[in-house]
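# Descriptive structure summary
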Amino acid sequence: MSASRFAASALLAIGLLGAGAASAADTTPDGPVKDAYAITVKTLAASGEPPWRPPHRDRLMSRSLAALFARDDLYQDEAGEIGHIGADPFINGQDGEVKNLKVAIVEKPTNGRALVSAAFRSFKQPVTVRFRMVEEGGGWRIDDIVNRFEGKDYSVRAELSKPYDCGSFMGKPCKR
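Procedures and definitions
The residue numbers shown here count from 1 along each chain, following its written sequence. At least 70 in pLDDT is required for a residue's local features to be given in this predicted model, at least 80 for side-chain atom pairs to be given and counted, and no such filter applies to totals for whole chains, interfaces and linings, which use all residues. Each side-chain value is derived from all of the structure's non-hydrogen atoms; neither hydrogens nor water enter the calculation. Strands are runs of DSSP state E lasting at least 2 residues, helices are runs of H or I lasting at least 4, and numbering of each runs from the N terminus. A 3.5 Å cut-off defines polar contacts: any pair of N or O atoms within that distance qualifies, except that in protein one atom must be a possible hydrogen donor and the other a possible acceptor, and neighbouring residues in sequence count only when both atoms are side-chain atoms. The nonpolar core is taken to be a set of buried Ala, Val, Leu, Ile, Met, Phe, Trp, Tyr and Cys residues, with the residues joined through side-chain atoms within 4.5 Å. Burial classes follow relative accessibility: with a 1.4 Å probe on protein chains only, a residue under 20% of its type's maximum area counts as buried, one over 50% as exposed, and anything between as partly exposed. Residues count as neighbours in contact if any of their non-hydrogen atoms are within 4.5 Å of one another. Strand pairing requires that DSSP identify at least two bridges connecting the strands. Orientation is described by lines fitted to C-alpha atoms, with helices fitted over the stretch in contact, and by angles between N-to-C directions that extend from 0 to 180 degrees. pLDDT: the predictor's confidence for each residue, scored from 0 to 100. For this text, the term disulfide refers to a pair of cysteine sulfurs within 2.5 Å. Paired rings are identified among Phe, Tyr and Trp, the last through its six-membered ring, by centres lying within 6.5 Å, and are further divided according to the angle between planes into stacked (under 30 degrees), edge-to-face (over 60) and tilted (the rest).

### What to know about the side chain of Asp-144
Residue placement: Asp-144 occurs in strand 4 (residues 139-149). Within the local environment of Asp-144, its side chain forms a polar contact with the side chain of Arg-132, the two groups lying 2.9 Å apart. A distance of 2.6 Å separates polar atoms of two side chains, one belonging to Asp-144 and the other to Ser-155.

### Details of the nonpolar core
In this structure, Val-33, Tyr-37, Met-61, Phe-90, Phe-131 and Ile-142 are the most contacted members of the largest nonpolar core, which totals 34 residues. Mapped by element, the contributors of at least two residues to this core are helix 2 (31-44), helix 4 (63-79), strand 2 (113-122), strand 3 (125-136), strand 4 and helix 5 (156-160). In contact with Phe-90, other than residues within four places in its own chain, are Ala-36, Tyr-37, Thr-40, Pro-51, Trp-52, Met-61, Phe-120, Val-129, Phe-131, Ile-142 and Ile-145.

### Things to note about the sheet that holds strand 4
Across the sheet, five strands lie side by side as 1-2-3-4-5; this open sheet has antiparallel pairing. Each end of this open sheet is capped by a strand with a single partner; those strands are strand 1 (99-110) and strand 5 (152-155). If you compare each strand with its neighbour and ignore which way they point, the axes differ by 25 degrees on average.

### Some remarks on the confidence of the model for the protein chain
Overall, the prediction assigns the protein chain a mean pLDDT of 87, with 86% of residues at 70 or greater. Element-level pLDDT for the protein chain is lowest in helix 1 (residues 3-13), with a mean of 37, against a maximum mean of 98 in strand 2. When the criterion is pLDDT under 50, residues 1-22 qualifies, and its contacts beyond four places in sequence or with other chains add up to 35 contacts.

### Quick word on unusual backbone geometry
In the segment running from Pro-54 into Pro-55, the intervening peptide bond is cis, with an omega of 10 degrees. Within the fold, Pro-55 resides in the loop between helix 2 and helix 3 (57-60). With phi around 55 degrees, Asn-92 is a residue other than glycine that occupies positive phi space. Its place among the elements puts Asn-92 in the loop between helix 4 and strand 1. Here Asn-92 falls in the partly exposed class, since its relative accessible area comes to 24%.

### Re the state of the cysteines
Evaluated as defined, the whole model comprises one disulfide. The residue that forms a disulfide with Cys-166 is Cys-174, at a sulfur-sulfur distance of 2.1 Å. Taking the sign of the S-S torsion, 100 degrees for the link of Cys-166 and Cys-174, the bridge is right-handed. Taking relative accessible area as the criterion, Cys-166 reaches 10% and is therefore assigned buried. Owing to a relative accessible area of 18%, Cys-174 belongs among the buried residues under this scheme.

### A word on the packing of aromatic side chains
Throughout the structure, instances matching the rule amount to eight aromatic pairs. Ring geometry for Trp-52 versus Phe-69: centroids 6.4 Å apart, planes at 25 degrees, classification stacked. One end of the pair, Trp-52, is in the loop between helix 2 and helix 3; the other, Phe-69, is in helix 4, and 17 residues separate them in sequence. In this structure an aromatic cluster arises from ring pairing among Tyr-37, Trp-52, Phe-69, Phe-90, Phe-120 and Phe-131.

In structure tokens:
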């Protein structure tokens, strides 16, 4: 990891950096989700970083969710291990594709919160990913990603919030 990426990750992990300025796409709850899938499609074609990594996460995600992803990145760098998210949360798998994408606002905005779903086909299988959205920093941001695995929903935020065995942020160095 470059020194600048490490520094940015560390600052995000302790919540010192805010979300980026609002963009035109985040004036509606589904805007950041559509942007995230445009990035995901490029990433699947082996071009660029996924939506949960810089430079995208600060623009697409709430400050707190971006900080959790940054902490997970920092753990991976320090431990040399996979973090709490071992798959791409936007495709709900380690490998996949995004075909026939349909992004919809499922719960209309109320009190600065909304629910958006992304439905698509990946290797001919239907996939639906839900996004809890929050108004923050003058626009809408992804505040949680909810996937379904073996018939159960799981929150990416909840997974990223779990403690780690080691890491500078845990006060226990990793033995790499």
